Structures are given as C-alpha cells and as structure tokens.
Amino acid sequence: MGLRVHYSSLLVLCVLLFQILVLVQQAKATKFQNVSGIRRLRGRKSVVSGSGGCNLFIGSWVIDPSFPLYDSSSCPFIDPEFDCQKYGRPDKQYLKYAWKPDSCSLPRFDGLDFLNRWRGKKIMFVGDSLSLNMWESLSCMIHASVPNTQTTFLRKEALSTDYGVTIQLYRTPYLVDIVKENVGRVLTLDSIVAGNAWQGMDMLVFNSWHWWTHTGKSQGWDYIRDGPNLVKDMDRLEAYTKGMTTWARWVDQNVDPTKTKVFFQGISPTHYQGKEWNEPKKSCSGELEPLSGSTYPAGLPPATNIVTKILKNMNSPVYLLDITLLSQLRKDAHPSAYSGDHAGNDCSHWCLPGLPDTWNQLLYAALSM
C-alpha cells in the first residue's frame with residue numbers, strides 16, 4: 001500500500017485513547033453497558049436483522065448537503081496521506097455523498113451515543129493501512145461529535161481509565177506472522193503469534209488483503225512457509241486462503257463471543273484500471289463522482305469469495321462489513337495525486353473525510369440496529 005514500515009508481531013504501533021469526560025453520560029442509562037448485552041451479530045450473511053430485515057450494503061450513493069461529518073482541518077488525527085483537501089484537491093463534491101441502502105435507512109453516526117455504549121471498553125483495528133484509514137476516520141467522527149471530550153493521541157503505548165474508550169491500531173497486513181529466519185523474512189501461513197496482542201479486547205475489527213498481492217520491492221516477505229515447505233512464491237489467492245484459515249482458527253479458539261464482538265472489514269477495492277468500469281484509459285485520477293446505481297461492471301474481486309467462505313465455516317460469529325461493492329462505486333474518493341505521503345497516483349487509500357466514514361457508519365449501524 002506504499003507505506004514502508006517495520007512489522008513487529010508483538011508491538012502495537014498506534015494507539016488512540018479517548019478519556020470520556022462528558023457529564024451527560026451519567027444522566028443517561030445506556031442500553032449497552034456490557035458487550036454481552038449487545039445482540040449477537042450474524043455477520044456471515046452480512047445482513048443486519050430488523051423488522052423485515054435490512055441489507056445495509058446494497059444501495060446507491062446520493063448527495064447529502066449535511067456531509068461531510070467533519071472538517072479535515074479541525075481533526076488532529078488525519079495523516080498527510082489521507083488529507084486530500086490540505087494537499088490541494090480542488091473539488092469538494094466527493095465530500096457530499098452519503099450511502100443510501102435500498103431497504104432501510106442508515107442511522108447517522110452519534111459520537112456521544114457510541115462513547116456511552118462503549119465506555120470503559122477497548123476497541124482494536126487489526127490490519128494494514130486501510131485499517132489505519134478506518135481508525136483515523138472513526139477518531140475524527142468521535143472528535144467532531146463530542147468536541148469537548150478530552151482526547152489523547154498516542155503512538156507507542158496504550159493507556160486507559162475506568163471512564164475511557166480506547167481505540168487502538170495493530171499493524172499486521174497479513175494477520176499471520178512474518179518470521180525472521182536465516183533466509184530472510186518468511187511469511188508463515190500457519191503461525192499467528194501476533195494474536196497474543198489482540199486478546200482482552202471488547203471489539204476487534206480485522207482487515208487483510210492488499211499486501212497479499214504485492215510483488216517486487218513492495219512485497220513484505222522474502223519466502224513463504226506453507227506447512228513444512230519453504231517456497232519462494234505461490235499462488236497468492238491460495239496463500240491468502242491458508243493465512244485467513246489460520247486467522248479464523250485463532251478467532252474460534254481464542255475469542256469469547258459473549259465478551260468480544262468481532263468484525264471483518266471486508267475487501268477494499270482499488271481503482272487503477274478504468275477498464276473495470278468501462279473507461280479503459282482512466283484511473284481514479286480526476287474522477288469527480290461515483291458510479292451510479294448499485295453494480296460494478298468488473299464484478300467483485302476473488303478475495304471476497306474467500307472471505308465469505310471462511311466466515312461461513314467459522315464457529316464464532318464474525319460480522320462481515322461488506323464494504324466492497326459500495327466502495328467499488330467510489331472511483332472518485334481516492335487521494336490520487338493529493339496525498340501528503342505518496343508520490344504519484346494513489347488509487348488504493350481513501351480521502352478523509354470520505355468513504356471510510358461510511359464504513360464506520362455501517363459499523364455503528366451494525367451495533368445499533
């Protein structure tokens with residue numbers, strides 16, 4: 001994804017602590033004092049049950065004058081790579097699009113309500129720079145909703161109080177471990193020692209895919225260990241399937257669903273090849289509006305089928321934030337040339353404010369409806 005980082009399986013690189021000092025929270029009883037009080041989420045079908053049922057992930061993008069949910073200049077948490085307005089993006093219409101499900105209404109994000117529901121709890125995003133994208137988005141949304149709440153932004157260590165919501169990021173783009181051996185960095189498909197750092201969370205939001213496709217200098221490993229076999233390379237979809245199966249087994253064996261809610265962020269698409277939406281000479285650069293309707297000409301990437309199959313075979317309930325199709329429609333929402341960190345054309349990450357705010361609205365809806 002263009003970020004150059006050193007991965008440590010036992011180090012949480014980024015931590016965001018929200019110390020909640022909102023007086024009204026003591027005047028209101030919250031429905032969700034404990035995580036076990038939240039109804040069990042059946043995310044394998046990526047449908048939130050309500051009256052008559054509701055699929056939040058089928059719909060279209062519409063203009064909403066009340067958007068965006070925050071101003072990038074007033075949010076202290078946005079990294080330069082996502083801060084498109086600061087780094088010169090001239091248009092602003094991409095900020096005004098809201099996701100409208102076909103069969104129900106998507107509740108507007110309420111930061112105070114979110115903090116009340118999760119006070120004293122620990123939330124962790126686990127994955128690559130798209131987890132970072134979503135994590136920073138949620139931080140900005142809460143900051144905008146409750147601007148007087150004291151927040152502390154930390155990079156190396158987690159602090160918490162009895163009144164705080166802790167939102168952490170654990171950077172591990174493959175979920176499974178990269179082990180240093182004599183031959184170099186080895187992507188070990190059946191090892192997930194990193195999972196020790198994920199235990200004790202009240203909510204886990206996982207993500208992995210983009211780094212599995214990287215080759216050359218951007219590849220994060222030198223060899224792959226597939227069981228007893230050490231190979232220079234292998235079919236990436238096969239490797240992803242084996243790695244995700246290891247992750248699923250870890251969740252089944254280590255997560256108590258009565259105490260911890262588990263989400264999978266879904267596959268975030270790229271827009272480097274305009275042929276995917278029938279404009280072969282284009283990329284995300286210069287795109288000003290989403291695709292209309294609720295279909296994407298190229299269809300879903302094959303990794304989505306792998307994720308769906310693995311979640312269906314799990315014993316633990318994992319809610320799929322099925323953001324792939326709705327994100328595919330947003331060819332206009334990438335930083336492209338307007339990134340403070342990436343030279344060239346970034347059609348992988350997303351501007352903030354922008355699309356990841358909708359991902360967090362969907363997370364909030366999944367916990368609320």
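Use the structure listed above.
Only a predicted model underlies this, so the values are computations on that prediction, with no experimental measurement involved. (Residues numbered from 1 in each chain as written. Predicted model: local features only at pLDDT ≥ 70, side-chain atom pairs only at ≥ 80, totals over all residues. Heavy atoms only, no water.)

Visitor: Could you clarify how one ought to interpret the nonpolar core in this entry?
Guide: One recurring pattern in soluble globular proteins is that nonpolar side chains are buried together. Within the largest apolar cluster, 57 residues are counted, with the highest numbers of intra-cluster contacts made by Leu56, Phe114, Phe125, Phe263 and Leu321. Aside from chain neighbours lying at most four places away, what touches Phe125 is Ser131, Met134, Trp135, Leu138, Ile167, Gln168, Leu169, Tyr170, Val205 and Asn360. Grouped together as the second largest cluster of nonpolar side chains are 40 residues, Ala194, Leu204, Trp209 and Tyr240 included. (Core = buried A, V, L, I, M, F, W, Y, C linked by side-chain atoms within 4.5 Å. Buried < 20%, exposed > 50% of the residue type's maximum accessible area, 1.4 Å probe, protein only. Contact = heavy atoms within 4.5 Å.)

Visitor: Hey, could you run me through the packing of aromatic side chains in this one?
Guide: By convention here, two paired aromatic rings are described through the distance between centres and the angle between planes. Scanning the entire structure with this criterion turns up 15 aromatic pairs. Ring centres 5.3 Å apart and planes at 85° place the aromatic pair Tyr174 and Trp212 in the edge-to-face group. With a gap of 38 residues between them, Tyr174 in the loop between β6 (164-171) and β7 (177-181) and Trp212 in the loop between β9 (203-206) and β10 (223-226) connect regions that are remote in the sequence. Note on accessibility: Tyr174 and Trp212 belong to one class, buried. Three or more aromatic residues joined by ring pairs form one cluster here, namely Tyr170, Trp198, Phe206, Trp247, Trp250 and Phe264. (Phe/Tyr/Trp six-rings, centres within 6.5 Å; stacked < 30°, edge-to-face > 60°. Helix = DSSP H or I, 4+ residues; strand = E, 2+ residues; numbered from the N terminus.)

Visitor: What am I meant to see in the side chain of Asp202 here?
Guide: Note that Asp202 resides in the loop between β8 (184-188) and β9. It turns out Asp202 is buried and unbridged, and the closest side chain with the opposite charge, Lys121, is 4.4 Å from it. Among the polar contacts listed, one links the side chain of Asp202 to the backbone nitrogen of Lys122, at a separation of 2.8 Å. (Lys, Arg positive; Asp, Glu negative; His and termini not counted. Salt bridge = Lys/Arg side-chain N within 4 Å of Asp/Glu carboxyl O. Polar contact = N/O pair within 3.5 Å; in protein donor to acceptor, adjacent residues only side chain to side chain.)

Visitor: Got a minute to help me understand helix α2 (residues 129-145) in this structure?
Guide: For an α-helix, 3.6 residues make a turn, and residues three or four places apart therefore share a direction. Between its terminal C-alpha atoms α2 stretches 24 Å, which fits the 24 Å expected from 17 residues at 1.5 Å a residue. For α2, the buried fraction is high: 15 of the 17 residues fall into the buried class. Among the residues of α2, the N-terminal cap falls to Asp128, whose side-chain oxygen and the backbone nitrogen of Leu130 are separated by 2.9 Å. (Expected span 1.5 Å × (residues − 1).)

Visitor: Help me out: how do you make sense of the state of the cysteines in this one?
Guide: Working definition: the covalent bond between the sulfur atoms of two cysteines is a disulfide. Under the criterion given, the structure shown has four disulfides. Across the disulfide from Cys54 sits Cys104; the S-S distance is 1.7 Å. In this pair, Cys54 sits in the loop between β1 (14-19) and β2 (59-63) while Cys104 sits in the loop between β3 (97-101) and α1 (111-117), placing the two residues 50 residues apart along the sequence. By relative accessible area, which is 4% here, Cys54 ends up buried. Each sulfur of the disulfide joining Cys84 and Cys351 lies 2.0 Å from the other. The chirality of the disulfide connecting Cys84 with Cys351 is left-handed, given an S-S dihedral of about -95°. (Disulfide = S-S within 2.5 Å.)

Visitor: Could you clarify how one ought to interpret the pattern of salt bridges in this entry?
Guide: Side-chain pairs of opposite charge can arise whenever the charged atoms involved come near each other. A full pass over the atoms with the stated rule returns 11 salt bridges. The residue Arg117 makes a salt bridge to Asp113 at a minimum N-O spacing of 2.9 Å. Here Arg117 pairs with Asp113, and both are found in helix α1, just four residues apart, close to one helical turn. For Arg117, a relative accessible area of 9% gives the class buried. Judged by relative accessible area, Asp113 falls into the partly exposed class, the value being 21%.

Visitor: Whenever I open this one, the pairing of β9 confuses me. Can you help?
Guide: For a regular strand, the rule is simple: side chains alternate between the two faces of the sheet. Residue alternation in β9 divides its side chains into two sets, Met203 and Val205 and Leu204 and Phe206, and both sets are buried. Where strand β4 (residues 122-127) meets β9, four bridges bridge the pair, whose relative direction is parallel. From the neighbouring strand, Val126 faces β9, where its bridge partner is Phe206. Note that β9 and strand β12 (residues 261-264) share four bridges and pair parallel. Each bridged residue has a counterpart across the sheet, and for Phe206 the counterpart in β12 is Phe264. (Pairing = 2+ DSSP bridges.)

Visitor: Would you explain the side chain of Asp346 in this entry?
Guide: Looking at the secondary structure, you find Asp346 in the loop between α5 (324-328) and α6 (355-368). One buried charged side chain, Asp346, makes no salt bridge at all; its nearest oppositely charged neighbour is Arg89, positioned 11 Å away. At 2.8 Å, the side chain of Asp346 and the side chain of His349 are in polar contact. Excluding anything up to four places from it in sequence, Asp346 contacts Tyr272, Cys284, His334, Pro335 and Ser336.

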